[in-house]
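A closer look at the structure
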Amino acid sequence: MATQYYTATSLDGFLADQDNSLGWLFEVDDEGRSEEITSAFLTGVGAMCMGATTYEWILANDEPNSWAKWYGDMPCWVFSHRELPAISGANLCFVSGDVEPVHKVMAEAAGDKNIWLVGGGELVGLFDDAGLLDEIIASIAPVTLGAGAPLLPRRILSSRMRLAEVERFGQFAMLTYRLT
């Protein structure tokens, strides 16, 4: 079992632009493979978590039935310091505070599958701070944003990362790093 940060980023390291938009991401040619690649990734995932900003983006931008299509009844923990509306039919747990006890519960729920850290560079940073981040899988888009939500607002030196895989699909380069 691994705790994986699987995401897409601009070439200059931003998850979203200054307006929290992902419009730039959906304009990049993926040769129609993003859905296939994400579906394959999800077969190895048993639990996931995200921050409030990512969850709110999903609420504001996703089709009503997309959650069930993509995640089924996979358990998801949403870290937030405020009350958020639930998605009907989703297996959600709203939490706040330290990531370590939540990670333990997620690991139990995931069984022999992986934990996916969906979004939120700061949240992923907290998992890394606690020594709980095993992989970073980043699909890099040929776009520069200049500012926005950073991929990971932490310093992780190359001595801790090992490049495990490189894949190209359309204009994306997907890099998988294992952390030590």
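See above for the structure.
Notes on the structure follow. (Residues numbered from 1 in each chain as written. Predicted model: local features only at pLDDT ≥ 70, side-chain atom pairs only at ≥ 80, totals over all residues. Heavy atoms only, no water.)

What follows is about unusual backbone geometry. A positive phi angle, near 60 degrees, is found at Asn20, a position not held by glycine. Checked against the element boundaries, Asn20 lands in the loop between strand 2 (14-16) and helix 1 (23-26). Positioned with a positive phi, Glu31 is a non-glycine residue whose angle comes to about 55 degrees. When you line up the elements, Glu31 lands in the loop between helix 1 and helix 2 (34-42). Glu31 sits in the partly exposed class, given a relative accessible area of 47%. (Helix = DSSP H or I, 4+ residues; strand = E, 2+ residues; numbered from the N terminus. Buried < 20%, exposed > 50% of the residue type's maximum accessible area, 1.4 Å probe, protein only.)

Moving on to the nonpolar core. Ranked by internal contacts, the top residues of the largest apolar core, which has 34 residues, are Met48, Met50, Trp67, Leu92 and Trp116. Among the elements that make up this core, the one with the highest residue count is helix 3 (residues 52-61) (4 residues). Leaving out residues up to four positions away in the same chain, Leu92 has contacts with Tyr55, Trp67, Cys76, Val78, Ala86 and Ile87. Counting residues in hydrophobic clusters, the runner-up holds 25 residues, among them Phe79, Val95, Ile115 and Ile136. (Core = buried A, V, L, I, M, F, W, Y, C linked by side-chain atoms within 4.5 Å. Contact = heavy atoms within 4.5 Å.)

Further remarks concern the packing of aromatic side chains. Counted according to the given criterion, the structure contains 9 aromatic pairs. Judged by centre distance (5.9 Å) and plane angle (70 degrees), the rings of Tyr6 and Trp116 are edge-to-face. Of this pair, Tyr6 sits in strand 1 (residues 3-10) while Trp116 sits in strand 6 (residues 114-117), and the two are 110 residues apart along the sequence. Comparing Tyr6 with Trp116 shows no difference in burial state: the two are buried. (Phe/Tyr/Trp six-rings, centres within 6.5 Å; stacked < 30°, edge-to-face > 60°.)

Attention shifts here to the sheet that holds strand 1. With respect to topology, 8 strands assemble into an open sheet ordered 5-4-3-6-1-7-10-9, the strand pairing being mixed. In this open sheet, the two strands that pair with only one neighbour each are strand 5 (92-95) and strand 9 (161-169). Across the sheet, the mean angle separating the axes of adjacent strands is 20 degrees when strand polarity is ignored. In this sheet, strand 7 (residues 135-141) lies alongside strand 1 in parallel orientation, the contact comprising 7 bridges. (Pairing = 2+ DSSP bridges. Axes fitted to C-alpha atoms, helices over the stretch in contact; angles between N-to-C directions.)

The sheet contact formed by strand 7 and strand 10 (residues 172-179) spans 6 bridges and is antiparallel. From the neighbouring strand, Glu135 faces strand 10, where its bridge partner is Arg178. Bridge analysis of strand 9 against strand 10 gives 8 bridges, and the strand direction is antiparallel. The partner of Glu167 across the bridge, within strand 10, is Met174. Remark: 2 residues form the turn of the hairpin made by strand 9 and strand 10, two consecutive strands paired antiparallel; Gly170 in that turn has positive phi of roughly 60 degrees.

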